[in-house]
Protein chains: 2
Amino acid sequence: MIRGNDPILLTPGPLTTSLRTKQAMLSDWGSWDAAFNAVTASIRRDVVEIINGGDDYTCVPLQGSGTFSVEAAIGTLVPRDGKVLVPNNGAYCARIVRICKYLGRAVVDLAVPEDQPATGAIVDAALSADPSITHVAQVHCETGAGMLNDLGGVSRACSAHGRSLIVDAMSSFAALPIDVRATPFDALVAASGKCLEGVPGMGFVIVKKSLLESRAGNAHSLAMDMHDQYVYMEKTTQWRYTPPTHVVAALRVAIDQFLEEGGQTKRLARYSANCSTLIDGMAKLGFRPFLKPATQAPIIVTFHAPPDPAYDFKSFYEMTRDRGYILYPGKLTQVETFRVGCIGAVDANEMRNVVSAVEQTLVAMGIRQVAPSAAARKAA
Amino acid sequence: MIRGNDPILLTPGPLTTSLRTKQAMLSDWGSWDAAFNAVTASIRRDVVEIINGGDDYTCVPLQGSGTFSVEAAIGTLVPRDGKVLVPNNGAYCARIVRICKYLGRAVVDLAVPEDQPATGAIVDAALSADPSITHVAQVHCETGAGMLNDLGGVSRACSAHGRSLIVDAMSSFAALPIDVRATPFDALVAASGKCLEGVPGMGFVIVKKSLLESRAGNAHSLAMDMHDQYVYMEKTTQWRYTPPTHVVAALRVAIDQFLEEGGQTKRLARYSANCSTLIDGMAKLGFRPFLKPATQAPIIVTFHAPPDPAYDFKSFYEMTRDRGYILYPGKLTQVETFRVGCIGAVDANEMRNVVSAVEQTLVAMGIRQVAPSAAARKAA
């Protein structure tokens, strides 16, 4: 049997990476070896540079998915008697609430509608109302719907009230502009397999050094103790425990390509072109995005599912996959949706092609009614 | 510049993997896709089969290094008021003691000399002396020195006293024989990047289903909650959080090669031949292993460092690496040593070659006195 090309992943990660990135995994590296540890050191420097962190910030990488690094940041940085405000407009915000509960950190779960951004005003009001809140954990791009939250406003509110800000920038880092000099925060969490276009398997926390250095003994877990990982890595240049060496090597080559492309501004330009090409093409088929344009991050787009009785997501997914494109299910609780990612080693041409694949799938499934009913759109 | 071949890793992991295993990472996989989740399911089945776990045991994979899975097993399976006995004859045993302290689990740190195995008699005495011990956490092969602990004896002692046994089989699983029917345990922890010869980035716990299912709400951490990972995976076939897709795909292909080679008995035969070829060759140069043959696992060999004043490990390491072989530092506290691994996609020919490389390094460094002094050997 001749195997076709791999399908293109239009998902929030893992995503389609370049062949050059994957080829970096064709070597084995010793985790004690200086050559490997120089790779780790260069990644740490480069990601701090992306947010203009200078000498005040450091990067601590951690094995596992991005969620592991989010938990590690909360567990290491929030004192055991701290209290965390989570403006919650989606699944990834809800996950941080759950982490706080596991870790026994007091948490304020501040409901924000799924189709509206967290803003400085919302956070300002919550901080004014509860002076016992010590930290705000803000998801930058809430991938549940594809929402761009107002990180700048939230940062200003935290600064005005003297509270600590931890940013979950999992799906925005390296694509959306984040400059810690203009948008102060204490820590930011991201991962290898998102907009840096590496493969999944490690996350990292970019954190104010002086803060991290004050957090010895605070973590709830040995594996998740970012302070211990930091101290060991500074002393030895090595990871504490076996690193995912191939993932690290791939991330190095992915960052090389990020820099060659022109860094964050050029990556944002490509993703923005992907996003508008996708939305325009899907609109011609009758699809409508769930979010308003002003709050739509160019990372992943949530579309209303067709109200046609012939539609079901599983068949729609499988038939579009067979045409070469992997979509993603919706993650909203009230409205039936599906999602299409704009990130990864893909360009506007792939976006035109996925629209064609979706069009063919609609025909094959006999779906005629694509545009959402007025009721469905209002429910959103 | 022409880049030479990658050096061979003679370390306890990451280790040298086959090209076929690495080539499995040249595809991107969607973590929601059925094709990927079928890979996960097949790995889970195959590793349970290796210990003859039948339907009573399940495998729960976890992102991160093997240590993450060790912590997850302790945190999920040991009740918060439980008490863990750790027979401690090396660095990996000491790490479990440290995990218990982080997690607030009572722990008995039972010192066993680094050159002597943990035995059933030692554990039996400890369990008789302290009826409040609920669990024994036993490292099977303690890689700190390369020691083979007496898992059979420890298992019998646990059964006799009705205590729960958790086995850290990180460096022994799939190479040394472990049959849960003959050597009962409640849970066993291993990882992708050891004797299965995959790449590092995930671990797994093979655990008695009925036990795991009774442990909802026990874990200290969301990321490390094996029960939650299990329930979600059983329900959806998916990992809870982004899996290291390329690492998982590589492990699948690595297990294929493990089965094609003839499974655990054939792998043990190859590693045993590697180990004896290494020890015989090094003996001709004057090197002596730290451990007695009866307790030497065919996984990694600790050698006494040459007492010659011209020796220093860093130069020895670098000059041998430049000849194509990556060794590993010693991890003992009292005696100066270095280690050479016998595991990975290597055979006796590589072992002969590393001995040649070491011989050339000795000449280049001007080392004449290789055999340890009687005093050093006695100190061990």
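Residues numbered from 1 in each chain as written. Chains lettered and ligands numbered in written order. Predicted model: local features only at pLDDT ≥ 70, side-chain atom pairs only at ≥ 80, totals over all residues. Heavy atoms only, no water.

Chemist: Can you help me understand the environment of B:Ile50 in this one?
Modeler: Residues and elements named next belong to chain B. In this structure, Ile 50 sits in helix H2 (residues 34–50). C-alpha of Ile 50 to C-alpha of Arg 98: the two residues are 48 residues apart in sequence and 29 Å apart in space. Residues within four places of Ile 50 in sequence aside, it is in contact with Phe 173, Ala 174, Ile 178, Leu 196 and Phe 258. (Helix = DSSP H or I, 4+ residues; strand = E, 2+ residues; numbered from the N terminus. Contact = heavy atoms within 4.5 Å.)

Chemist: Sorry if this is basic, but what is going on with the interface of chain B and chain A here?
Modeler: The parts lose accessible area when they come together, and the size of an interface is often stated as this lost area. Every contact between the two is made by 58 residues of chain B and, on the other side, 58 residues of chain A. Taken together, the two surfaces of chain B and chain A that pack against each other cover about 4,800 Å², and 62% of this comes from carbon and sulfur. In terms of surface lost to chain A, no three residues of chain B exceed B:Asp28, B:Trp32 and B:Tyr102, which account for 15% of the buried area on that side. In this assembly, chain B and chain A are joined by six salt bridges. For A:Arg321, the salt bridge identified is with B:Asp33, shortest N-O distance 3.2 Å. Inspection of the region where chain B meets chain A yields 20 residue pairs in polar contact (both at pLDDT 80 or more). Elements with a contribution of two residues or more to the side of chain B that touches chain A: helix H1 (19–23), strand E2 (57–63), helix H3 (66–77), helix H4 (91–103), helix H9 (245–261), helix H11 (313–322) and strand E13 (328–329) of chain B. Sort the elements by how many residues they give to the side of chain B that touches chain A and H4(B) lands first, with five residues. Split into classes, the residues belonging to the side of chain B that touches chain A amount to 28 nonpolar, 17 polar and 13 charged. (Buried area = accessible area lost by both parts, 1.4 Å probe. Salt bridge = Lys/Arg side-chain N within 4 Å of Asp/Glu carboxyl O. Polar contact = N/O pair within 3.5 Å; in protein donor to acceptor, adjacent residues only side chain to side chain. Nonpolar A, V, L, I, M, F, W, Y, C, P; charged D, E, K, R; others polar.)

Chemist: For this particular structure, what's the right way to read the packing of aromatic side chains?
Modeler: In this description, an aromatic ring pair is defined by two values, namely the gap between the centres and the angle between the planes. Residue and element names in this part refer to chain A. Using the criterion set out here, one finds 25 aromatic pairs over all chains in the structure. Considering the side-chain rings of Phe 173 and Phe 204, the 5.6 Å spacing of their centres and the 75 degrees angle between planes classify their relative orientation as edge-to-face. With Phe 173 in the loop between strand E8 (164–168) and strand E9 (187–191) and Phe 204 in strand E10 (residues 202–208), the pair connects residues that are 31 residues apart, well separated along the chain. (Phe/Tyr/Trp six-rings, centres within 6.5 Å; stacked < 30°, edge-to-face > 60°.)

Chemist: Could you clarify how one ought to interpret the packing of helix H2 (residues 34–50) of chain A against helix H9 (residues 245–261) of chain A in this entry?
Modeler: In a packed pair of helices, the relevant descriptors are the angle between the two axes and the axis-to-axis distance. All names here are of chain A. For the pair H2 and H9, the least separation of the axes is 10 Å and the interaxial angle reads 45 degrees. When the interaxial angle is binned, H2 and H9 end up oblique. Every pair of crossing elements has a handedness; the one defined by H2 and H9 is left-handed. Only Thr 245, Val 248, Leu 251, Arg 252, Ile 255, Phe 258 and Leu 259 of H9 make contact with H2, whose side of the interface consists of Phe 36, Val 39, Thr 40, Ser 42, Ile 43, Asp 46, Val 47 and Ile 50. When grouped by side-chain class, the residues that make up the contact of H2 with H9 number ten nonpolar, three polar and two charged. (Axes fitted to C-alpha atoms, helices over the stretch in contact; angles between N-to-C directions. Parallel < 35°, antiparallel > 145°, perpendicular 65-115°, else oblique. Left-handed = near helix turned anticlockwise from the far one by under 90°.)

Chemist: Can you walk me through the sheet that holds strand E13 (residues 328–329) of chain A in this structure?
Modeler: Paired through their backbone hydrogen bonds, the strands of a sheet run either parallel or antiparallel. All names here are of chain A. Pairing within the open sheet is antiparallel, and its three strands lie in the order E11-E14-E13. Two strands bound the open sheet, and with one partner strand each, they are strand E11 (300–304) and E13. Pairing between E13 and strand E14 (residues 337–341): two bridges, direction antiparallel. From the neighbouring strand, Tyr 328 faces E14, where its bridge partner is Arg 339. Lying over the sheet, helix H10 (residues 263–285) contacts E11 and E14, oriented at roughly 15 degrees with respect to E11. (Pairing = 2+ DSSP bridges.)

Chemist: Just checking my understanding: could you explain the side chain of A:Thr17 for this structure?
Modeler: Relative to the elements of secondary structure, A:Thr17 occurs in the loop between strand E1 (8–9) and helix H1 (19–23). Classification of A:Thr17 by relative accessible area gives buried; the value is 4%. (Buried < 20%, exposed > 50% of the residue type's maximum accessible area, 1.4 Å probe, protein only.)

Chemist: I'm lost on the domain arrangement of chain A in this one. Help?
Modeler: Residue and element names in this part refer to chain A. In terms of domain boundaries, chain A breaks down into domain 1 (19–260) and domain 2 (264–379). Put simply, the middle of domain 1 and the middle of domain 2, counted by C-alpha atoms, are 29 Å apart. Counting residues at the interface gives 23 residues for domain 1, matched by 21 residues for domain 2. Carbon and sulfur atoms make up 59% of the area that domain 1 and domain 2 hide from each other, which totals about 2,000 Å². When residues of domain 1 are sorted by the area they lose upon contact with domain 2, Glu 114, Ala 145 and Glu 197 head the list and together hold 27% of the total. Summed over the shared surface of domain 1 and domain 2, the number is two salt bridges. For Arg 267, the salt bridge is made with Glu 197, and the minimal N-O distance between the two is 3.8 Å. At the junction of domain 1 with domain 2, the criterion picks out nine residue pairs in polar contact (both at pLDDT 80 or more). (Domains from an automatic or database assignment.)

Chemist: What exactly am I supposed to notice about the pairing of strand E11 (residues 300–304) of chain B here?
Modeler: Looking along a regular strand, one sees the side chains alternate between the two faces of the sheet. All names here are of chain B. The buried fraction of E11 amounts to five of the five residues, a majority that puts the element mostly inside the structure. Side-chain alternation along E11 places Ile 300, Thr 302 and His 304 on one buried face and Val 301 and Phe 303 on a second face that is also buried. Pairing geometry for E11 and strand E14 (residues 337–341), over five bridges, is antiparallel. Residue pairing across strands places Val 301 opposite Val 340, the latter belonging to E14.

Chemist: Sorry if this is basic, but what is going on with unusual backbone geometry here?
Modeler: The bulk of non-glycine residues show a negative phi, and the bulk of peptide bonds are trans. Residue and element names in this part refer to chain A. The peptide bond linking Gly 13 to Pro 14 adopts the cis configuration, its omega dihedral lying at 0 degrees. With a phi close to 65 degrees, Glu 197 is a non-glycine residue in the positive phi region. Locating Glu 197 in the fold gives a position in the loop between E9 and E10. Using a relative accessible area of 8% as the deciding quantity, one classes Glu 197 as buried.

Chemist: Is there a simple way to think about the pattern of salt bridges in this case?
Modeler: Side-chain pairing between opposite charges can occur once the charged atoms of the two side chains come close. All names here are of chain B. Scanning all chains against the criterion turns up 34 salt bridges over all chains. Between Arg 270 and Glu 261 there is a salt bridge, with its nearest N and O atoms 2.6 Å apart. On the basis of relative accessible area, Arg 270 is assigned to the buried category, the value being 19%. For Glu 261, a relative accessible area of 26% corresponds to the partly exposed category.

Chemist: How should I be thinking about the sheet that holds strand E3 (residues 83–88) of chain B in this particular structure?
Modeler: All names here are of chain B. A sheet is described by the order of its strands in space; here seven strands give the open sequence E2-E10-E9-E8-E5-E3-E4, paired in mixed fashion. Single-partner strands in this sheet number two, and they are E2 and strand E4 (106–111). Here the average twist between neighbouring strands, direction ignored, is 20 degrees. Note: E3 against E4, six bridges, orientation parallel.

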